[in-house]
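Examining the three-dimensional arrangement
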Amino acid sequence: MKTLSKAIMIQWFRLQAVEIPIVGNTAIIGDNGAGKSALLDAIQTVMTGANKRYLVLNRGSNETSSRKVWEYVLGLLSDPKDPELSAKIKPRDKANCFLALNFYDYETNETTCVGLGLYASMADMAEKVEGYFICPGLVGKKDLFLDPGEGTRPIVLPWARVKERLAKACPATRFHHEPGKFTADLYTTLSEHAGAPNDDKKVLKAVQAAVSLDKIENPTQFIRKYMLDRDDLQIKELQSALKNYRDMAEKADSVSRRVNALGRLEGFCEKVEAGNVEQVMGEYIDLCAHIELVEEGADPVREAMADLEEKKEELGLRVGGLEKKRDELLGILGERRSELKNSDLENQRRSLQLDINQNKTIESEAGAKISGLRRLLQRLEKLKMIPSTEALSAAIADVARVLPSEDMVSTAMWPEKPVELDGALANMRISLEKALPLLSSRYNGLCGDIASVIKVERDLTGSLKQVQHGKAPLTSSTLGLIQFLKERGIEAKPLCDLVDLTNETWRNTIESILGHKREALVVIPEQVKKAVNLYRHEGRRDFPGCSIINTTKTDQYKDARKKGSVAEHLTTDNLHAQAFINRQLGNFICVETEKDLLSHDRAATADGMISTGGLVSETKTLSPILGRASRELLKETYQKKLREIGGKKEALERDQQQLDSLKVVLEEYKRDYTENSFSTEAVVSRRTSAQQTLKVLEARLAELALDTREKNLTKEIERLDKEEASLKGEIGRLSEERKQAERLRAERKSFSCLGTTAS
């Protein structure tokens, strides 16, 4: 059960900073204006979260008074009966106000502090709730909201500082900014059972109805009603008390009987104690006799202990002497090693070793430079068959002649003629400057050719897939327009998918005459106007060069073709396609001779000659796409072209890879060996000089190793090392004997102490 245990008010009404403990039923007594209503209103303000829907201030004795929260914060006094009251007592101009309540839980013995922070000023004449807080386990005190300051009067902290203090004092503090969320959390926290939380709205209504101030007519009745427990005479309570009295009397008789029994038991225990004393005295006499026997046996042990003590002292002296001798040997050994280290021979050896290391570095760097050049030139020699400029090919051939053979000896000694190699490299550097731009241009050209071939291959592959699925290889614009119209509910089919040829002899002529019209789209008459409108205003930019057949003229041209015309070699089940074929080819007469070709306004031969508009011309051969029979021809054509394109691409990629390898090697040579005046002769000279110097230095180092004085010093150091190791072993052995003597002494001493204790 959780009950209110304390109320804290900071700058509330005329109260600066007070804590009011509340224990059980608490009576608040005071004159008018002392702050009784202010206390109740402060509790009510916290319990309602300052929510004006549920907050009714200053209920009770003065019904005509109407207070507001900001008046409490500023300490403003107002009374209709005394208008001059506010002038007599000056209010605060602005103030930070804090109200807090402590609730004590009798089951868990924990206190929860809840409250809110307010701010008001005379300029605004309104309050502002700066925040709410719920601090589980925190015992709220007014010091949380105050700063001692420099004078005697403490300073009220602002909300931000108070919030930091609360969070530090109670890390589990929960802060809120809305009254609804605060009251919901508050009444859940104050619920008696966590599984059945209080309904905050019902509790708020109950608080609103319960808060009232009643006038005390009779103080005695008020105290009996609210302050004291009830004391009405109850028969059942008297009967229960009488029964308890009788039970206590029976228990008193029982205790008296037990006291008598304990008295008799005490006499028996005294007799037993006397017998035990006699027995202990007999055992004491026997023990004294035994102690005398032990004392007689302890004398030899004491003598042995004295011997062990002498031996321990002797061993200690021997160990001390050996350790002193070992220290002297270590000093001599250090001097000999220092003498060896600081000797002229050692200094000379160190100097020679530094020179050797330096020359090895020079030899290594020169060898690495020459080896890198050799490997690079060998790579270049392998690429000499790749076409390049005449001058560069000649320079590479000159360099190849001075390269070493495959055996290790030739490789290690290369180059044997560095001057000749430098001449060949100089010629290659000159030709390289002119060749690299040309090679780069050729490489870029090959890249462009490969990109073009890949595009053609991709287009052919797409066309082949369309043919394999039984569709004509339409252009991307036509395919896009078909999908564009389909998304808007218009079905369009290309002419080439709706017609078939009856005579393959005339295919090339018919395909050439129709040209791009073979992909013209057939749309039913009811939708053709909408299709043309969409293409004109929306699709023309994205799908250029497309055609839509005017199917509104189908009835006019469905039978309009001349006998013997080219249109007779096409067949279709689609009436609109038939009408369009008649319109395009129905007046082209099929002829064989030149005479017949010239005698008609529009005529055509099977081998691709046409007469129209007063001109006789040859038709351009196009890839066949009309009818199902064209699909197999197209498939073979595309497959053949793909094989040709694949071979061409493979050859181009091979040339590109070889040219790239040559370009990489030449650029690497230019970067590493054409700058900073590189000279093979100079590098070989540094390598040879370093090798010769190394031989001389290593020979001198070997001579220094044969010096007699240094050998004697080395032998003496070895002897001293062995002697020091022997002394160290002897010291260890004597120390172990000393420890063993100490253990025996301790055992004998414990036996001696046992005898003394027995005495």
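The structure under discussion appears in the preceding block.
Here the structure is a predicted model, which means the values were calculated and not measured.

Take Cys97: it is sitting in strand 3 (residues 94–105). Among the residues examined, Cys97 registers a relative accessible area of 0% and is labelled buried. When the C-alpha positions of Cys97 and Pro158 are compared, they lie 8.9 Å apart, and in sequence the two are 61 residues distant. For Cys97, the contacting residues outside a window of four places in its chain are Ile10, Gln11, Trp12, Val73, Leu116, Gly117 and Leu118.

Before going further, it helps to examine the sheet that holds strand 2 (residues 15–21). Strand order in the open sheet formed by six strands is 2-1-3-4-5-8, and the pairing between neighbours is antiparallel. Every other strand in the sheet has two partners, leaving strand 2 and strand 8 (174–176) as the edge strands with one partner each. Pairwise comparison of adjacent strand axes, ignoring direction, gives a mean angle of 15° for this sheet. Here strand 1 (residues 2–12) pairs with strand 3 via eight bridges, running antiparallel. Following the sheet pairing, Lys2 is matched in strand 3 by Asp105. Against the sheet, helix 1 (residues 36–48) makes contact with strand 1, strand 2, strand 3 and strand 4 (110–121), and its axis sits at roughly 110° relative to strand 1, the strand it touches most. On top of the sheet, helix 4 (residues 159–169) reaches strand 3, strand 4, strand 5 (126–136) and strand 8; it is set at about 5° to strand 5, its chief contact.

Contact pair helix 14 (residues 507–514) / helix 17 (residues 575–585): the axes reach a minimum separation of 11 Å and the direction vectors enclose 90°. Classified by the interaxial angle, the pair formed by helix 14 and helix 17 is roughly perpendicular. Contacts between helix 14 and helix 17 involve Ile510, Ile513 and Leu514 from the former and Ile581, Gln584 and Leu585 from the latter. Here the contact of helix 14 with helix 17 is composed, by residue class, of five nonpolar, one polar and no charged.

Rules used throughout
Residues numbered from 1 in each chain as written. Predicted model: local features only at pLDDT ≥ 70, side-chain atom pairs only at ≥ 80, totals over all residues. Heavy atoms only, no water. Helix = DSSP H or I, 4+ residues; strand = E, 2+ residues; numbered from the N terminus. Buried < 20%, exposed > 50% of the residue type's maximum accessible area, 1.4 Å probe, protein only. Contact = heavy atoms within 4.5 Å. Pairing = 2+ DSSP bridges. Axes fitted to C-alpha atoms, helices over the stretch in contact; angles between N-to-C directions. Parallel < 35°, antiparallel > 145°, perpendicular 65-115°, else oblique. Nonpolar A, V, L, I, M, F, W, Y, C, P; charged D, E, K, R; others polar.

These figures capture arrangement, not role.
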